[in-house]
Amino acid sequence: MKVLICVDSYPLVRFNGGDLQLYNIIKNIDKKIEFYLLYFDDRSAAVPEEQIFDHSIFKGLIRVDTKMGNLFTKAKSLNQELSKIITEYKIDLIITRSNEMSIYVSKNTGVPNILNYVDSRTLLWGREFRQSYTIVTKLKSLLSLIKSLFYESFIIQKFQAVVVVSQIDKDSIEKRNKKVDIHVIPNGVNTDFFRPSEALEEDENSILFFGSMNYLPNIDAAIFIHSQILPLIASKVSNIKFSIVGRNPTEDIRKLADEKQTFVTDYIPDIRSAIQKSAIVLIPMRKGAGIKNKLLEAMSMKKAIVTTSICAESLSNEAKEHLYICDTPEDLARSVISLLKDKNARLRCGEKNRDVVVREYSWIKASEKLQRLMESLTEKHDQGNEVIIKSKF
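One structure accompanies this document, and this report is about it. Just so it is clear, the structure is predicted and the values come from calculations on it, not from any experiment.

The next thing to look at is a negative patch on the surface. Together, Asp 30, Asp 92, Glu 375, Glu 379 and Asp 382 make up a negatively charged patch on the protein surface. Its location among the elements puts Glu 375 in helix H15 (residues 363-391). When its relative accessible area of 36% is taken as the criterion, Glu 375 is described as partly exposed.

Bringing the sheet that holds strand S2 (residues 34-42) into the picture now. Here we have seven strands laid out as an open sheet, ordered S3-S2-S1-S4-S5-S6-S7, and parallel in their pairing. Because the sheet does not close on itself, it has two edges, and the strands there are strand S3 (60-63) and strand S7 (182-184). The sheet shows a mean angle of 25° between the axes of neighbouring strands, direction not considered. Sheet analysis places S2 next to S3, joined by four bridges and oriented parallel. From the neighbouring strand, Leu 38 faces S3, where its bridge partner is Ile 62.

Here we take up helix H10 (residues 293-300). Extensive coverage of H10 is indicated by the burial of eight of its eight residues. When H10 is considered as a whole, its buried residues turn out to be Asn 293, Lys 294, Leu 295, Leu 296, Glu 297, Ala 298, Met 299 and Ser 300. Phi turns positive one or two residues past the end of H10, at Lys 302, with a value near 65°.

Let's shift gears to the nonpolar core. Ranked by size, the top nonpolar core spans 59 residues in total, and within it Phe 209, Ile 233, Met 299 and Leu 315 carry the most contacts. Among the elements that take part in this core, helix H7 (residues 216-234) stands out by supplying eight residues, more than any other. Contact partners of Met 299, with chain neighbours within four places excluded, come to Ile 305, Leu 315, Ala 319, Leu 323, Gly 350, Asn 353, Arg 354, Val 356 and Val 357. Of all hydrophobic cores here, the second largest spans 29 residues; its members include Val 3, Tyr 10, Phe 53 and Leu 373.

Before going further, it helps to spend a moment on the packing of aromatic side chains. In total, this model carries six aromatic pairs according to the counting rule given. Look at Tyr 36 and Tyr 89: their rings are 5.0 Å apart centre to centre, the planes differ by 55°, and that puts the pair in the tilted class. Taken as a pair, Tyr 36 in strand S2 and Tyr 89 in helix H2 (residues 71-89) lie far apart in primary sequence, 53 residues in all. According to the relative accessible area criterion, Tyr 36 is buried, its value standing at 6%. A relative accessible area of 25% places Tyr 89 in the partly exposed class. Considering the side-chain rings of Phe 193 and Phe 194, the 5.0 Å spacing of their centres and the 80° angle between planes classify their relative orientation as edge-to-face. Given the relative accessible area of 9%, Phe 194 is considered buried. Over the ring of Tyr 117 we find Arg 121, and its NZ or CZ is 4.5 Å from the ring centre. Taking the ring centre of Phe 224 as reference, the NZ or CZ of Arg 286 above it sits at 4.0 Å.

Cut-offs applied
- Residues numbered from 1 in each chain as written.
- Predicted model: local features only at pLDDT ≥ 70, side-chain atom pairs only at ≥ 80, totals over all residues.
- Heavy atoms only, no water.
- Patch = residues over 30% accessible without salt bridge, like charges linked within 9 Å, V, L, I, M, F, W, Y side chains within 5 Å.
- Areas by Shrake-Rupley, 256 points an atom, 1.4 Å probe, with all protein chains shown as cover.
- Salt bridge = Lys/Arg side-chain N within 4 Å of Asp/Glu carboxyl O.
- Lys, Arg positive; Asp, Glu negative; His and termini not counted.
- Charge placed at Lys NZ, Arg CZ, Asp CG, Glu CD.
- Helix = DSSP H or I, 4+ residues; strand = E, 2+ residues; numbered from the N terminus.
- Buried < 20%, exposed > 50% of the residue type's maximum accessible area, 1.4 Å probe, protein only.
- Pairing = 2+ DSSP bridges.
- Axes fitted to C-alpha atoms, helices over the stretch in contact; angles between N-to-C directions.
- Core = buried A, V, L, I, M, F, W, Y, C linked by side-chain atoms within 4.5 Å.
- Contact = heavy atoms within 4.5 Å.
- Phe/Tyr/Trp six-rings, centres within 6.5 Å; stacked < 30°, edge-to-face > 60°.
- Lys NZ or Arg CZ within 6 Å of the ring centre and 35° of its normal.

What follows is the structure in structure tokens.
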């Protein structure tokens, strides 16, 4: 089978959740399947080499010109290019990974087409709208919400199948659109890579929050910790160290650093050392959607985790069992304080957290699910073509 992956930008980068998911699923899929990457923009010059995934998983890389005019001429030009590529490379199936690219890709490509949608944008922007506190952010989130509603109501209907990472994302889309065939394929985690090391000891009374720090839900969570949760913890526990680690911290995030209690660190090549050295991983997300990779990574590193119901909502009941899940600043602080004072409880939770991600959230399982979906769609497509051919004779 030959599969064409359509994305906005090349290369796939380690700090992007969608790229992380796509890379790991393809990497672990049957090697007999050949993947080709089609993209609009080349951002390789702007991304350091250590942040780029190994693109040898692709049989070929194909760039299309983005200077195609307006929406309609761009769509027409892209689909003409797609027709040539499908014929030349003998493509059996297309997987489209981005909103922009999916707008231009026609449903009449002649081969099955899967939209790897990941998260419900309506769910994400609805939460952002409800929790925005200024007129400007309200208007921006409302505009994005309207676009997402239109997209999830109409645009995604041209795909034979849509993939999301959780049942909650699926339910959100199906409230508006019951015509789409939606499949849930949860994110995974590389449990061999995110494995605790005995070489690094945890820092006493240390709390970690990590992620891309120019992403609105992460910015909100970091500020929420600093302004409302951390003072409550510091009133009960001395020598608290709160670390925010992640690429591209905004000015608002940088201002939180005081180098005494709160520390802000930009991108580091290997996040495992920061996770390993933390006593608690605190992830109080109030916005966003889908499965949080940071949550799975911390669980795989045997960490005790305090989080919110929104952050944990997409996990299985078993995966939630040993997380401390609460939503108010008081309850979040109380959970952190309790764990900081009880090392045995931290160790027990960490052991259980790793056990469950090893069983339920491997990239191999995600790859197997996607492969079954691809094979099912191509089989149905081939059977349909046979029926058409036979009917002509």
